[in-house]
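# Overview (structure and organization)
Residue-level listing of the chains:
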Amino acid sequence: MRQLGRLPCASLSDHPSAAPQVMETLRLMLRWAWTYVIVAELIGATSGSGRMIMDSQRLRGTGQMIVRIMVIWLIGLVTDFLLKAPNRRLFPWAML
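Keep in mind the model is a prediction, meaning the values are calculated, not measured. (Residues numbered from 1 in each chain as written. Predicted model: local features only at pLDDT ≥ 70, side-chain atom pairs only at ≥ 80, totals over all residues. Heavy atoms only, no water.)

## Some points on the packing of helix α1 (residues 19-44) against helix α3 (residues 62-90)
Where α1 contacts α3, the axes come no closer than 10 Å and their chain directions differ by 170 degrees. Here α1 is positioned roughly antiparallel relative to α3, judged by the angle of their axes. Here Met23, Glu24, Arg27, Leu30, Arg31, Trp34 and Ile38 of α1 come into contact with α3, specifically with Ile72, Ile75, Thr79, Asp80, Leu83, Lys84 and Asn87. Taken together, the residues of the contact of α1 with α3 break down into seven nonpolar, two polar and five charged. (Axes fitted to C-alpha atoms, helices over the stretch in contact; angles between N-to-C directions. Helix = DSSP H or I, 4+ residues; strand = E, 2+ residues; numbered from the N terminus. Parallel < 35°, antiparallel > 145°, perpendicular 65-115°, else oblique. Contact = heavy atoms within 4.5 Å. Nonpolar A, V, L, I, M, F, W, Y, C, P; charged D, E, K, R; others polar.)

Dropping the structure here:
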């Protein structure tokens, strides 16, 4: 445990067994962040992916709407994979 001014400061080097769970939590938080970005775009954006989906829905462009939803899904899947793959290599003992 280190000192940061008067307050103790914990780091992952102090508790290496917590590192896999911390990284997994960061990965899950990224999922929630993506969800909130999309919801915010659907509700009140004047541009962006969510706005394009809403415009496609309003103009009955079902094909465009599905493609845009799949692009968002693919971006989320790739970012999830980019965080999960290193976790498996860095922490092979953890069941993530």
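## Observations concerning the packing of aromatic side chains
Both the distance between ring centres and the angle between the ring planes are used here to describe each pair of aromatic rings. Applying the stated criterion across every chain yields a total of two aromatic pairs. Here the aromatic rings of phenylalanine 91 and tryptophan 93 are separated by 5.6 Å at their centres, their planes lie at 80 degrees, and the arrangement is edge-to-face. The exposure class of tryptophan 93 is exposed, given its relative accessible area of 56%. (Phe/Tyr/Trp six-rings, centres within 6.5 Å; stacked < 30°, edge-to-face > 60°. Buried < 20%, exposed > 50% of the residue type's maximum accessible area, 1.4 Å probe, protein only.)

## Some remarks on α1
In a regular helix each residue adds 1.5 Å, so 26 residues correspond to 38 Å; α1 covers 37 Å between its end C-alpha atoms and thus fits that length. All of the buried residues in α1 are Ala19, Pro20, Glu24, Arg27, Ile38 and Glu41. Tucked inside the fold, the buried residues of α1 contact α2 (49-58) and α3. (Expected span 1.5 Å × (residues − 1).)

## Looking at the pattern of salt bridges
Evaluation of the coordinates by the stated rule reveals five salt bridges. The partner of arginine 58 in a salt bridge is aspartate 55, and the shortest N-O contact between them spans 3.1 Å. Here the residue arginine 58 and the residue aspartate 55 both occupy positions in helix α2, the gap between them amounting to three residues, near one helical turn. Overall, the relative accessible area of 26% leaves aspartate 55 in the partly exposed class. (Salt bridge = Lys/Arg side-chain N within 4 Å of Asp/Glu carboxyl O.)

## Examining the confidence of the model for the protein chain
Put simply, the protein chain has an average pLDDT of 80, and 84% of its residues get 70 or more. No element of the protein chain has a lower mean pLDDT than strand β1 (residues 2-4), which averages 56, and none a higher one than α3, which averages 87. (pLDDT = per-residue confidence, 0-100.)

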